[in-house]
Amino acid sequence: MDKLLKRQFEEAKAIYAKIGIDVDEVLNKLAQVKISLHCWQGDDVRGFLKSEELSGGISVTGNYPGAARTPLELRKDLEKAFSLIPGKHKVNLHAIYADTDEKVDVDQLEPKHFTPWVNWAKEQGLGLDFNPTCFSHPNFKDGFSISHPDSSIRDFWITHCKAARKIAAYFGKELNQTCITNFWFPDGFKDIPVDRMAPRKRMKEALDEVFSEEISYQYNVDAVESKLFGIGSESYVVGSHEFCLSYALQNKKAICLDVGHFHPTETISNKLSAIALFDTEILLHVSRPVRWDSDHVVIMDDELQEIAKELVRNNLLDKVHIGLDYFDASINRIAAWVIGSRNMLKALLRAMLEPIEMLKEAENKADFTTRLVLLEEMKSYPFGAVWDYYCATANVPIRESWLADVKKYEKDVLLKR
Ligand code: RNT
Ligand code: ZN
C-alpha cells in the first residue's frame with residue numbers, strides 16, 4: 001500500500017480515536033453493507049424482451065454511446081463497475097432482463113429464463129434482487145396495469161407478479177441470500193379522477209392475490225413502492241404512500257421508499273425512524289430528484305448524508321435494504337453506477353465516524369450548542385483518508401483514479417458496440 005495513504009490513515013485514525021471512535025471497527029461494519037446495484041442503469045431501462053418502448057411515466061434522457069445490448073454485455077459492464085466499488089454487493093434485476101432465446105411474454109416467465117444470471121451471481125459472489133416489470137408492455141393500458149378496470153388486464157399482471165415471486169424465490173434459494181422483490185405499479189391518472197377509491201380497491205385485491213402463495217421469508221421478501229406522481233399520472237397515483245405503507249403494515253410486507261417519490265419538501269430521511277418503529281422492513285431506492293422525480297445519479301448531497309446518518313444512528317442497517325434507482329444516459333453508464341455506489345458507501349462511512357453517543361447525550365441534556373458545534377466540526381474531520389484506506393484494502397482504485405479504468409473500458413469495449 002502507498003506509504004502516504006497509510007500514514008494519512010493512521011493519523012486520521014488517531015484523530016477519530018480522540019473523540020471515541022474506533023475506525024477499524026467502523027470499517028468492519030462498513031464491509032458488511034450490501035448495496036443493490038440496479039441493472040437498468042446499464043441499458044436505459046430497455047431490457048431484453050423487446051416488447052415496447054419505456055413507459056410507466058419514467059424516462060431516460062441522453063444518448064451516451066455503449067449501452068449494453070445483451071445480457072452478456074450487461075454482466076461484463078456490471079463486473080467492471082463492481083471492480084471499482086469496495087465490498088461485496090447485489091444486483092437488482094427487472095423481469096424484462098430475462099436471459100433467454102425463447103420468445104416469452106412476461107406472464108410466462110420462469111426461473112429457467114434467469115439461470116445464466118444465477119450462475120453468474122454464484123461465480124461472482126453476488127446476491128440478486130428482483131422486480132416484476134409492469135410497464136413497457138401493451139398491457140400497460142390507459143395508464144393502468146394491475147388496477148386496470150378490465151379484469152383480463154388485471155389478471156395478466158397478477159400472473160406476471162406471481163411468476164416474479166417464483167423467480168425471486170429461486171434466486172434466494174440458489175444464492176443462499178434473501179431476494180428482495182419490489183412491486184411498483186405506475187398506475188394513475190393524468191387528470192383529476194372522479195373515483196379515487198375503486199382503483200385502490202382493485203390494486204389491494206390484486207396484491208392479495210399476488211401474495212396469496214406462501215414463500216419462505218428466507219428466500220424472498222416482498223416490498224411495495226409508493227409514488228406521488230409520474231409523467232402521465234400527475235394528478236393521481238393508485239399506489240400512493242398512504243396506500244403502500246398501510247398495505248405493507250397490514251400484510252407484513254416491506255415498504256420501498258424512493259428518494260424521488262414524495263413532495264419536494266418531504267424527505268425520506270425523516271420517515272425512516274417513524275416507519276422502523278412499527279417493525280416494518282424497509283427497502284430504499286436511493287435516487288436524486290432534481291426539481292421532480294428525475295432519477296439523477298446519486299451525489300454526496302445533504303439528503304444522502306442524512307439518510308446514511310439515520311440508518312447508522314438508529315441501528316437500521318439490518319432491517320433496511322439499500323438499493324439504487326436512477327438512470328442517466330448522458331454520461332458513461334458504468335461511471336454512473338460507480339459514482340452512486342461509492343457515494344452511498346462514503347455517506348455511510350461518514351455517518352459511522354460520528355460520536356453518536358456524545359451527540360445524543362448533548363441532545364438529551366438540551367445542550368443544543370454542543371450538538372451543533374460537534375456536528376459542524378465533524379464535517380472537516382479526515383474521513384477521506386479513511387475512505388481511501390478502505391478502498392485500498394478492498395483492492396479497488398483510490399480517489400478518482402478509477403476513472404482511467406472506465407475510460408479504458410469505454411475505448412476498448414463500449415465504443416465498439
Ligand atoms: C419508478 C420507480 C421504480 C423504477 C424501477 C425501474 O418511479 O422508482 O422503482 O424506477 O422499477
Ligand atoms: Zn424506485
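Residues numbered from 1 in each chain as written. Chains lettered and ligands numbered in written order. Predicted model: local features only at pLDDT ≥ 70, side-chain atom pairs only at ≥ 80, totals over all residues. Heavy atoms only, no water.

A. Just the site of ligand 1, in detail. Every residue lining ligand 1 is accounted for by Trp40, Ile58, His94, Trp184, Glu225, Lys227, Asp258, His261, His285, Asp293, Asp325 and Phe327. Glu225 places a polar side-chain atom, nitrogen or oxygen, 2.7 Å from an oxygen atom of ligand 1. Contacts to ligand 1 include Asp258, whose side-chain N or O atom sits 2.9 Å from an oxygen atom. Its free accessible area being 310 Å², ligand 1 has 100% of it covered by the protein chains. Across the shell around ligand 1, the residue classes tally to four nonpolar, three polar and five charged. (Near = heavy atom within 4 Å. Polar contact = N/O pair within 3.5 Å; in protein donor to acceptor, adjacent residues only side chain to side chain. Areas by Shrake-Rupley, 256 points an atom, 1.4 Å probe, with all protein chains shown as cover. Nonpolar A, V, L, I, M, F, W, Y, C, P; charged D, E, K, R; others polar.)

B. Geometry of the side chain of Ser287. Looking at the secondary structure, you find Ser287 in the loop between strand 9 (282-286) and helix 9 (302-313). By relative accessible area, which is 6% here, Ser287 ends up buried. A polar contact is formed between the side chain of Ser287 and the side chain of Asp295, at a distance of 3.1 Å. Reaching out from Ser287, the side chain makes a polar contact with the backbone oxygen of Asp325 at a distance of 2.8 Å. Filtering out sequence-adjacent residues up to four positions away, Ser287 remains in contact with Asp258, Val259, Asp295, His296, Val298, Asp325 and Tyr326. (Helix = DSSP H or I, 4+ residues; strand = E, 2+ residues; numbered from the N terminus. Buried < 20%, exposed > 50% of the residue type's maximum accessible area, 1.4 Å probe, protein only. Contact = heavy atoms within 4.5 Å.)

C. Geometry of the packing of helix 10 (residues 333-352) against helix 14 (residues 402-412). Where helix 10 contacts helix 14, the axes come no closer than 10 Å and their chain directions differ by 160°. The angle between the axes of helix 10 and helix 14 places the two elements in the roughly antiparallel class. Relative to helix 14, helix 10 is oriented so that their crossing is right-handed. From helix 10, Ile334, Ala335, Val338, Ile339 and Arg342 reach across to helix 14, where they touch Trp402, Val406 and Tyr409. A breakdown of the residues in the contact of helix 10 with helix 14 according to their chemical character gives seven nonpolar, no polar and one charged. (Axes fitted to C-alpha atoms, helices over the stretch in contact; angles between N-to-C directions. Parallel < 35°, antiparallel > 145°, perpendicular 65-115°, else oblique. Left-handed = near helix turned anticlockwise from the far one by under 90°.)

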